[in-house]
Amino acid sequence: MPKLILAFGAASLITMAAVALWLDPAAEKSDFPDRSAEKIDLTAGTIYSTRFADVDGNEQILGQWQHRLLVINFWATWCTPCKEEMPMFAKMQGKYGKDGLQIVGIAVDSRENVVKFIQNSPVGYPLLPDEARAIEFSKRLGNRLGLLPFTVAFRPGGELIFSRMGLIKEQEMDKLVAKNLPK
Amino acid sequence: MKLGSTLELRYAIADGYCIFRDRFQFLIDGQPVSIPQHSRLPGIWKQGATLRRVITYRNSVRLLLPAPLSKQALPQDDCNLYVLSVRSQGCADAGVCYPPFEQAIEVVLGASEWSRPTSAGNRWCFSFGAQQGSGFTDRSMLGTSCNRLLKQVLTPIASVHA
């Protein structure tokens, strides 16, 4: 049988090298490896006017949470670490929701996949699946490599106070939230 | 399109990274192609704290894909190429995942089996990545009215003359 061999790898390795460069070895040493000083491509007004449909197909505008401490977590059902940290976000929402915290999960995924996922793993905060737009939105919020998980936090009014590519520890998240809840 | 031949795809995977077995998708000229289950390497089971187990590949993987390797296997037009697209997705051990991405290859075939050692012009080219670019440097080899060409133009990084 004739056989043609094509070797992939170059592009993968380039991508992975870029990932390795991005990952910040100092991140573990800091309470908040905070990249909020980095320029993001969106104003608070634009962020709050952004809309995504939820799992029921109802359009949700981010501005409905502009008076809360808004934590946006970008995730996907194909992202193993994303799913591992979601129970932590659910716990935070349960603990601090009444005090003004709002977690929102924007999924780089299909509505079908997300619906299937929450049937087994309900999280208790809004999940907004948008396979086509989510990554681009995350990039405009500073996720320049488009990797997941990616999480940003905004004080009421839209000031970016936290940005993280990769996992967040519960203790770290708890400290961040407790410090920045609306007065 | 006849798919009587076998294309072997070899992935080199950097240390600390994995590719998910079930996330591979293959398309030839935009049409999905199924990879036979038996041609997939077993991979490594991975299980997260809250997740079902998934099969991953590390270091390298070799996949066998039914694919045309001769002009005779292609539709009878003036094209002597087809486009193989591979979609894959994986994660890094550092705790991040990259979105599904696609690598496209234009496989250019000669009049006879490419693998037959000959100097009669068997030739194939391929390019990695899906960035829009300047296209093949020797575009004349592709003919002038090849309707099956990808709309996106790929930049080659290698070509092989059989």
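Residues numbered from 1 in each chain as written. Chains lettered and ligands numbered in written order. Predicted model: local features only at pLDDT ≥ 70, side-chain atom pairs only at ≥ 80, totals over all residues. Heavy atoms only, no water.

Peer 1: Would you mind going over the sheet that holds strand S5 (residues 101–107) of chain A with me for this structure?
Peer 2: Within a sheet, adjacent strands bond to each other through the backbone by hydrogen bonds, running parallel or antiparallel. Residue and element names in this part refer to chain A. Strand order in the open sheet formed by five strands is S6-S5-S4-S7-S8, with mixed pairing between adjacent strands. Unpaired on one side and paired on the other, strand S6 (127–129) and strand S8 (160–165) mark the two borders of the sheet. Each strand of the sheet is rotated relative to its neighbour by a mean of 15°, with strand direction disregarded. Note: strand S4 (residues 69–75) against strand S7 (residues 150–154), five bridges, orientation antiparallel. Bridged to asparagine 73 within S7 is threonine 151. Along the sheet, helix H4 (residues 111–120) contacts S4, S5 and S6; its crossing angle with S6, the most-contacted strand, is approximately 150°. (Pairing = 2+ DSSP bridges. Helix = DSSP H or I, 4+ residues; strand = E, 2+ residues; numbered from the N terminus. Axes fitted to C-alpha atoms, helices over the stretch in contact; angles between N-to-C directions. Contact = heavy atoms within 4.5 Å.)

Peer 1: For this particular structure, what's the right way to read the confidence of the model for chain A?
Peer 2: It should be kept in mind that the predicted coordinates are not to be read in detail where pLDDT is low. Overall, the prediction assigns chain A a mean pLDDT of 85, with 79% of residues at 70 or greater. This model gives residues 10–33 of chain A a pLDDT under 50, and the stretch forms 40 contacts once residues within four places in sequence are excluded. (pLDDT = per-residue confidence, 0-100.)

Peer 1: Looking at this structure, how should I read the state of the cysteines?
Peer 2: By definition, a disulfide links the sulfur atoms of two cysteines through a covalent bond. Summed over all chains, the structure comprises two disulfides over all chains. Residue pairing for cysteine 79 of chain A: its cysteine sulfur links by disulfide to cysteine 82 of chain A, the two sulfurs lying 2.1 Å apart. Taking the sign of the S-S torsion, 75° for the link of cysteine 79 of chain A and cysteine 82 of chain A, the bridge is right-handed. Of the two residues examined, cysteine 79 of chain A and cysteine 82 of chain A, each falls in the buried class. Residue cysteine 91 of chain B pairs covalently with cysteine 97 of chain B via a disulfide, S to S 2.0 Å. What sets the handedness of the cysteine 91 of chain B and cysteine 97 of chain B disulfide is the S-S torsion sign, and at about 95° it is right-handed. (Disulfide = S-S within 2.5 Å. Buried < 20%, exposed > 50% of the residue type's maximum accessible area, 1.4 Å probe, protein only.)

Peer 1: It is not clear to me how the pattern of salt bridges should be interpreted in this structure. Could you clarify?
Peer 2: Two side chains of opposite charge can pair, provided their charged atoms sit close to one another. Residue and element names in this part refer to chain A. Counted under the stated rule, the structure contains 10 salt bridges over all chains. Notably, a salt bridge pairs lysine 91 with glutamate 170, separated by 2.7 Å at the nearest N-O pair. Taken as a pair, lysine 91 in helix H3 (residues 80–96) and glutamate 170 in helix H6 (residues 170–180) lie far apart in primary sequence, 79 residues in all. Here glutamate 170 falls in the partly exposed class, since its relative accessible area comes to 33%. A salt bridge links arginine 155 to glutamate 159, with the nearest nitrogen and oxygen atoms 3.0 Å apart. (Salt bridge = Lys/Arg side-chain N within 4 Å of Asp/Glu carboxyl O.)

Peer 1: Is there a simple way to explain the pairing of strand S6 (residues 54–57) of chain B in this structure?
Peer 2: Residue and element names in this part refer to chain B. Here S6 shows no split at all, with Val54 and Thr56 on one side and Ile55 and Tyr57 on the other all buried. Across two bridges, the pairing between strand S2 (residues 17–20) and S6 is antiparallel. Among the inter-strand pairings, phenylalanine 20 is bridged to a residue of S6, identified as threonine 56.

Peer 1: How do you make sense of H3 of chain A when you look at a structure like this?
Peer 2: Note: α-helices contain 3.6 residues per turn, so residues at a spacing of three or four share the same orientation. All names here are of chain A. When the terminal C-alpha atoms of H3 are compared, their 25 Å separation across 17 residues agrees well with the 24 Å that a helix rising 1.5 Å per residue should span. Of all the bends in H3, the greatest, near 30°, is centred on methionine 86, and the proline proline 87 appears no more than four residues after it. Listing the buried residues of H3 in full gives Thr80, Pro81, Cys82, Lys83, Glu85, Met86, Met88, Phe89, Met92, Gln93 and Tyr96. (Expected span 1.5 Å × (residues − 1). Bend = angle between axes of the 7 residues up to and from the residue.)

Peer 1: Any chance you could explain unusual backbone geometry here in plain terms?
Peer 2: For residues other than glycine, phi is negative in most cases, and the peptide bonds are mostly trans. With an omega dihedral of 0°, the bond running from leucine 148 of chain A to proline 149 of chain A counts as a cis peptide bond. When you line up the elements, proline 149 of chain A lands in the loop between helix H5 (134–140) and S7. A positive phi angle, close to 65°, is found at asparagine 59 of chain B, a residue other than glycine. Tracing the chain through its elements places asparagine 59 of chain B in the loop between S6 and strand S7 (60–67).

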